[in-house]
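Residue strings, one per chain:
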Amino acid sequence: MSYFSDIYHGIKTLFKGMSVTGGYFIRARKGSITQQYPDNRDTLKMFDRFRGEVVMPHDENNEHHCTGCQKCEIACPNGTIEIVWDRQVDPATGKKKKMIDKHIYHLSMCTMCGLCIEACPTDAIVWAQNYENSVYDRSALTKVLNQPGSKVKAGIED
Amino acid sequence: MMNLPLSITKTISDWVYSIMPESAATVTIWVLIAAAYLALFAVAGLYLVLLERKVAAWFQLRLGPNRVGPGGLFQTMADALKLVSKELTSTIKVDKFLFNLAPYFVIVSALISISVLPFSRHFQAFDINIGVFFLLAVSSIGVIGILLGGWASNNKFALIGAMRSGLQTISYELSVGLSILTMVLLTGSLQLSEIIEVQRTGGWLIVQGHIPAIIAFMIFMIAGTAETNRAPFDLVEAESELGAGFHTEYSGMKFAYFFLAEFINMFIIASIAVVLFFGGWLSPFGITDNIAWFPESIWFLIKVLIIIFLMMWFRWTFPRLRVDQLLTLEWKYLLPINLVNIVIMAIVIWLNWTI
Ligand code: SF4
Ligand code: SF4
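The structure reproduced in this document is the subject of the present report. The shown structure was predicted, so the numbers you read here are calculated from the model rather than taken from an experiment.

Some details on the overall build of chain B
Of the regular secondary structure elements, chain B holds 14 helices and 0 strands. Shown N-terminal to C-terminal, the secondary structure of chain B runs as helices and strands in the order α-α-α-α-α-α-α-α-α-α-α-α-α-α. Relative to its length of 355 residues, chain B is compact, with a C-alpha radius of gyration of 21 Å against a globular reference of 20 Å. Seen along its three principal axes, the alpha-carbon backbone of chain B occupies a region of about 60 × 60 × 45 Å. Buried residues in chain B amount to 49% of all 355 residues. In chain B, once contacts between residues fewer than 6 apart in sequence are set aside, the share between residues at least 24 apart is 77%. Surface exposure of chain B reaches about 16400 Å², of which carbon and sulfur atoms provide 74%. The averaged location of the 21 negative side-chain charges in chain B is 9 Å from the averaged location of its 20 positive side-chain charges.

Quick notes on the pattern of salt bridges
Residues and elements named next belong to chain B. One pass over the structure, following the stated rule, counts 12 salt bridges over all chains. Where E52 meets R230, a salt bridge forms, and the shortest distance between an N and an O atom there is 2.9 Å. Taken together, the positions of E52 in helix α2 (residues 22-59) and R230 in the loop between α10 (210-227) and α11 (239-242) put the pair 178 residues apart, joining distant regions of the chain. For the pair formed by E52 and R230, the shared burial category is buried. The partner of R53 in a salt bridge is D79, with the nearest N and O atoms 2.8 Å apart. Here D79 lies in helix α3 (residues 75-84) and R53 lies in helix α2, a separation of 26 residues in the sequence. Each of E52, R230, E262 and R315 takes part in a single network of salt bridges with overlapping partners.

Re the site of ligand 1
In the region of ligand 1, 14 residues are neighbours, and C76, C110, C113, G114 and C116 of chain A sit closest. Residues of the shell around ligand 1, tallied by class, amount to 10 nonpolar, 4 polar and no charged.

Things to note about the nonpolar core
One finds I180, M183, F220 and F277 of chain B to be the most contacted residues of the largest nonpolar core, which totals 83 residues. It is helix α12 (residues 252-277) of chain B that provides the largest number of residues to this core, a total of 16 residues. Sequence-distant contacts of I180 of chain B, defined by excluding residues within four places in its chain, comprise V132, L136, F220, I272 and L276 of chain B. In terms of nonpolar packing, the next biggest core, distinct from the first, is built from 17 residues, I81, I83, C116 and L141 of chain A among them.

Let's talk about the packing of aromatic side chains
Residues and elements named next belong to chain B. Considering all chains together, one arrives at 27 aromatic pairs over all chains under this definition. Here F99 and Y250 contribute two aromatic rings whose centre-to-centre distance is 4.2 Å and whose plane-to-plane angle is 10°, an arrangement assigned as stacked. One end of the pair, F99, is in helix α4 (residues 96-115); the other, Y250, is in the loop between α11 and α12, with 151 residues separating them in the sequence. The exposure class of F99 is buried, given its relative accessible area of 1%. Taking relative accessible area as the criterion, Y250 reaches 6% and is therefore assigned buried. Measuring from ring centre to ring centre gives 5.2 Å for F217 and F277, while their planes differ by 65°; the resulting arrangement is edge-to-face. With F217 in helix α10 and F277 in helix α12, the pair connects residues that are 60 residues apart, well separated along the chain.

Quick notes on the interface of chain B and chain A
On the side of chain A, 20 residues touch chain B, which itself brings 21 residues to the contact. The junction of chain B with chain A conceals about 1800 Å² of combined surface from both sides, 71% of it contributed by carbon and sulfur atoms. Considering only the surface of chain B that becomes buried against chain A, W58, L61 and L63 of chain B emerge as the three largest contributors, covering 35% of it. For D39 of chain A, the salt bridge identified is with R67 of chain B, shortest N-O distance 3.3 Å. The interface formed by chain B and chain A includes 6 residue pairs in polar contact (both at pLDDT 80 or more).

What to know about helix α6 (residues 142-152) of chain B
Residue and element names in this part refer to chain B. For α6, the buried fraction is high: 8 of the 11 residues fall into the buried class. Every buried residue of α6 is listed here: G142, V143, G145, I146, L148, G149, G150 and A152. Where the residues of α6 are buried, they touch α4, α5 (131-139) and α7 (156-187). Just downstream of α6, N154 is the residue with a positive phi angle, here 60°.

Re the packing of α6 of chain B against α7 of chain B
Residue and element names in this part refer to chain B. Running from N to C, α6 and α7 point in directions that differ by 160°, and their axes come no closer than 7 Å. Between α6 and α7, the interaxial angle falls into the category roughly antiparallel. Helix-helix and strand crossings are classified by hand; for α6 and α7 the assignment is left-handed. Contacts from V143, I146, L147, G150 and W151 in α6 reach A158, L159, A162, M163, S165, G166 and T169 in α7. For the contact of α6 with α7, the per-class residue count stands at 8 nonpolar, 4 polar and no charged.

Observations concerning the environment of N146 of chain A
Residue and element names in this part refer to chain A. Note that N146 resides in the loop between β6 (142-144) and β7 (151-152). Here the alpha-carbon distance between N146 and K30, two residues 116 residues apart in the chain, equals 44 Å. Dropping the residues within four chain positions of it, N146 is found in contact with M56, H58, H64, I100, D101, K102 and H103. Here D101 takes part through its backbone oxygen, which lies 3.0 Å from a polar atom of the side chain of N146. Polar contacts involving the side chain of N146 include one to the main-chain amide nitrogen of H103, which spans 3.0 Å.

Reading guide: rules and limits
By convention here, each chain's residues receive numbers from 1 onward along its written sequence. Note on labels: chains are lettered from A, ligands numbered from 1, in written order. In view of the model being predicted, local features appear only for residues whose pLDDT reaches at least 70, and side-chain atom pairs are presented and counted only at 80 or more, with totals across whole chains, interfaces and linings using the full set of residues. Computation of side-chain values: all heavy atoms of the structure, hydrogens and water removed. Strands here mean DSSP runs of E at least two residues long; helices mean DSSP runs of H or I at least four residues long; both are numbered from the N terminus. Restricting the calculation to C-alpha atoms gives the radius of gyration, and the globule rule supplies 2.2 Å times the number of residues raised to the power 0.38. Using a 1.4 Å probe on the protein chains alone, a residue whose accessible area is under 20% of its type maximum counts as buried, one over 50% counts as exposed, and one in between counts as partly exposed. By the convention used here, residues are in contact when the closest approach between their heavy atoms is within 4.5 Å. Note that accessible areas follow from Shrake-Rupley with a 1.4 Å probe, and for residues the cover is restricted to the protein chains shown. Working convention for charge: Lys and Arg count positive, Asp and Glu count negative, and His plus the chain ends are omitted. Taken as the charge centre is NZ of Lys, CZ of Arg, CG of Asp or CD of Glu, depending on the residue. The salt bridge definition used is simple: a Lys or Arg side-chain nitrogen within 4 Å of an Asp or Glu carboxyl oxygen. When at least one non-hydrogen atom of a residue lies within 4 Å of a molecule or strand, that residue is treated as near it. Residue classes follow a fixed rule: Ala, Val, Leu, Ile, Met, Phe, Trp, Tyr, Cys and Pro count as nonpolar, while Asp, Glu, Lys and Arg count as charged, and any other residue, Gly among them, counts as polar. Here, the term nonpolar core denotes a set of buried Ala, Val, Leu, Ile, Met, Phe, Trp, Tyr and Cys residues that are joined through side-chain atoms within 4.5 Å. Note on aromatic contacts: the rings of Phe and Tyr and the six-membered ring of Trp form a pair at centre separations within 6.5 Å, being stacked when their planes are under 30 degrees apart, edge-to-face when over 60 apart, and tilted otherwise. Here's the idea: put two parts together, see how much 1.4 Å probe accessible area each one loses, and the total over both is what we call buried area. In protein, a polar contact requires one atom able to donate a hydrogen and another able to accept it; more generally it is a pair of N or O atoms within 3.5 Å, and residues adjacent in sequence count only if both atoms are side-chain atoms. Lines fitted to C-alpha atoms define the axes here, with helix axes fitted over just the stretch in contact, and angles between the N-to-C directions of these axes take values from 0 to 180 degrees. Note on terminology: angles under 35 degrees are roughly parallel, angles over 145 are roughly antiparallel, angles of 65 to 115 are roughly perpendicular, and the others are oblique. Helix crossings are classified by the rotation of the near helix relative to the far one: an anticlockwise turn of less than a right angle makes the crossing left-handed, while a clockwise turn makes it right-handed.

Dropping the structure here:
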């Protein structure tokens, strides 16, 4: 007898599927998930967890959180991050200490794995939400994350 | 009762007969009718493609084509222009003659079927007394084109696709034929115009034949969808398994013929369903029967579009069947149900239980 119950069950599930897509069809004009991309550039907001590129936020005094510990450089599986550093005299304390000169980030080699951001002990680098990363010259993809003249915020190392 | 389109065609035919000898005039009229049908179906095919894309988008919560022209209305025109301008390529190992012939089999068989469709009382190119039989016979020629295309491509994916098409058509042709036969039992005629006349007095056949007619309609829709090789029966093309199936090697306009033929076939299946179950060009409850100028083909087109929408709904809801499931569905379910259904229909008619 499973023959007839199979037929009944089959037809029932087919109608169930059709009711689901039918609901989509009616709602599609309002609740469409399509983004009209180039048109809505101004209002388009990426979701929080979106991984655009690695950036280093600076505060209003042009200070960042990077101590030059190089943990991100070691954590990166691709060798995307290069840190150029030297020892300089800290004007506040008068002692010599390690400071970054350039935090170089090659966007073209980054796989957006996020290991560098997890490795950073001071949360100096974070994900940006931008996604329009195409350029005409690939050297433009090599970025220096710390702004010129910036310095590390006091007290971060403690 | 004179129809507007009819009076136009009558004026044209009078004019043609007045300026040339009779035999030449007859040929001219034939050519004109053929050209009119071709133009009609080029446009209908293009807009069915657009409709399919729009409907598909809405079923998937997308927007669909909306860039070319207002609301994307000219999208398929642009696509057709692109396809026409494309180079016709083929691989070295194809069988040139058969490869080039195959698309024409498909499109010509689709176009021949159209000639017997009754769009309205007067708008029917070819009203023969074996109309239903003719439709069935001609529409299954198309599969030869698919088989040829797959074979001549000399490509294993194309060949597998073509063979699947063969097995699918052979199996499901049976169900289409038997479900149509169920309805022919009710009408007692194979002529399409007469089948519609039967429904003028007694109501649409799906009402007249109630339960067996409804079962026949469901079987016809399933088998008809399979006949047109559309999802969920698109094993012939099965992108994920076979590339594009039998038309993997085709490009440009030859590919477009296959594509267009699929949509015209869908139109034909929907038209047969409308004629056999929903009263063809008859208006519901005869509401426009007394309006002389009202074009009856509007009703026909509305009903056909509803059936086509149903087929699109199937396509964008159901997943593709495997080959064994396809055969199980036909030989273990549709065919026995269909045979029993014919017997039930015969009993219903015998005992005069029709409404
Ligand atoms: S996200 Fe991954 S690949 Fe990119 S810089 Fe960080 S560690 Fe390297
Ligand atoms: S970004 Fe973070 S992990 Fe990398 S060097 Fe600076 S402080 Fe260390």
